Amino acid sequence: MTTARKKIVLAYSGGLDTSVAVPWLRENYDADVITCTIDLGMVDLETIRQRAFAVGATDAVTVDGRETLVDEFLWPALRAGAIYEGQYPLATALGRPLIARYLADVARQHDADAVAHGCTGKGNDQVRIEVGVSALAPGVELIAPIREWGMNREDEVLYARDRNLPIAPSNNKYSTDENLWGRSAEAGELEDPWVEPPEDAYEWTVNPGAAPDEPAYVEIRFEEGVPTAVDGETMGGVALINHLNELAGAHGIGRIDHVENRLVGIKSREVYESPAAVLLHDAHRALETMTLSRDQSRLKERIAQEYAELVYNGLWDTAHRRDMDAYVDSTQRHVSGDIRVRLHKGSCVVVGRTADRPLYNYGLATYDRADEFDHTAAKGFIDIYGLPGRTQRRQQGG
């Protein structure tokens, strides 16, 4: 009686690391390898699928996850105002829990014994994927070849040549990742935080100095905190983000040079490009100034920081995130309106705001003859407002 071979589902990008991982898993685990490739905005699925078979995969599953990424991850994070450490719009971090979901789904569909990924042993993504898969498919073994095999890039190339794998090693100077919401680059020259990022570290944005001399203006429509139209044209989420990435990137918007605190306890210098994300976060925040009360805004700022850290730390599939979403959803009921933004040589400036149901009231705000504010009420307000301070000083001294 023959024993069924082990089945391993591998998150497969088509790059050197995961291509080498296919035969390595077959040899070291005596397993059939089923690759899983997810398009989150920048992937040629069919080319990668054929490459998976060429390096020895038993099956190659491909998924177009773009709309799910936008609707279930990017828009909730945008509505929450989630930006990690005030700079990073969480592009990679928001994609990983969706990848974990698809890996868990494929593992169940194929009755797989294990899930494998190509993350390194000191990055954040190993945590995000493994925590996500273990929550959604408990009991499935998790394998991290790069953590286990101890090979460097040169070793991987030799390993591939020994097995005649059809791999052309990339000459990329940097380690990169990208999806609809942004692109990241690290390693190489970028590891010295004193060195200005070279231009070849960027692909989505022009150097602000080389951007057009004339500014561009763009109007973005929001419905309950979700962007739905650009310059009067209604767009689906994927098309809208792609359009704004191109438009804002052409004006040098969205470059981020950040030394961040990784979950594993080290600091890492990361270069990000997120043209659409930067533009949309600025526009969304401007619309909230028109529609949220002072107390709502202040609490939501604290929620936004907590939300960003939760996403960055790989805890998307938790009740804590769902509870924060419930508060955010409530705050966004009236965040509907239009924002006009000027794009010019790397700067993204909100220059116009209008909301369907604004808290801004011209009659109360104006200083001209249309002023409706009751100035006579100010004296009594000031007397009562200052009463605690006056009482304490009188009773206890300065």
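In the block above lies the structure referred to throughout.
Residues numbered from 1 in each chain as written. Predicted model: local features only at pLDDT ≥ 70, side-chain atom pairs only at ≥ 80, totals over all residues. Heavy atoms only, no water.

Sheet strands pair by backbone hydrogen bonding; their relative direction is either parallel or antiparallel. Taken together, 5 strands build an open sheet; the order of strands is 3-2-1-4-5 and the sheet is parallel. At either end of the open sheet lies a strand with only one pairing partner, and these are strand 3 (59–64) and strand 5 (141–143). Going from strand to strand, the sheet's axes swing by 25° on average, the running direction of each strand aside. Here 3 bridges tie strand 1 (residues 6–11) to strand 4 (residues 114–116), and the two strands are oriented parallel to one another. Note that in strand 4 the partner of Val9 across the bridge is Val115. (Pairing = 2+ DSSP bridges. Helix = DSSP H or I, 4+ residues; strand = E, 2+ residues; numbered from the N terminus. Axes fitted to C-alpha atoms, helices over the stretch in contact; angles between N-to-C directions.)

Take the pairing of strand 2 (residues 31–39) next. Summarising burial for strand 2: 8 of the 9 residues are buried, a large majority. When strand 1 meets strand 2, the two strands line up parallel, connected through 6 bridges. Bridge pairing in strand 2 links Val9 to Ile34. Each parallel crossover has a hand, and for strand 1 linked through helix 1 (residues 16–29) to strand 2 it is right-handed. Of the strand pairs in this sheet, strand 2 and strand 3 are connected by 6 bridges, and their pairing is parallel. Residue pairing in the sheet places Ile38 in a bridge with Val63 of strand 3. (Buried < 20%, exposed > 50% of the residue type's maximum accessible area, 1.4 Å probe, protein only. Right-handed = clockwise from strand over helix to strand, strands pointing away.)

Helices that pack against each other are described as a pair by the angle of their axes relative to one another and the distance between those axes. Where helix 3 (residues 66–80) contacts helix 10 (residues 294–312), the axes come no closer than 9 Å and their chain directions differ by 140°. In terms of axis orientation, helix 3 runs oblique to helix 10. Each of Pro76, Ala77, Arg79 and Ala80 in helix 3 lies in contact with helix 10, whose residues at this interface are Lys300, Ala304 and Tyr307. Considering only residue class, the contact of helix 3 with helix 10 consists of 5 nonpolar, no polar and 2 charged. (Parallel < 35°, antiparallel > 145°, perpendicular 65-115°, else oblique. Contact = heavy atoms within 4.5 Å. Nonpolar A, V, L, I, M, F, W, Y, C, P; charged D, E, K, R; others polar.)

What follows concerns helix 4 (residues 91–109). For helix 4, with 19 residues, the first-to-last C-alpha span of 28 Å sits near the 27 Å given by 1.5 Å per residue. Immediately downstream of helix 4, the backbone of Asp111 shows phi near 50°, a positive value. (Expected span 1.5 Å × (residues − 1).)

What follows concerns the sheet that holds strand 14 (residues 347–355). Read from one edge of the open sheet, 5 strands run 10-9-8-13-14, paired in antiparallel fashion. Here the strands that pair on one side only, and so sit at the sheet edges, are strand 10 (233–234) and strand 14. Sheet analysis places strand 9 (residues 226–230) next to strand 10, joined by 2 bridges and oriented antiparallel. Within strand 10, the residue paired with Ala229 across the bridge is Thr234. On the sheet, helix 8 (residues 237–249) packs against strand 8 (216–223), strand 9 and strand 13 (337–344) and is oriented at approximately 65° with respect to strand 9.

This brings us to unusual backbone geometry. What is expected of a backbone is that most residues other than glycine have negative phi and most peptide bonds are trans. If you check the backbone angles, Asp30 has positive phi at about 45° while not being a glycine. Among the structural elements, Asp30 can be located in the loop between helix 1 and strand 2. Asp30 sits in the partly exposed class, given a relative accessible area of 48%.

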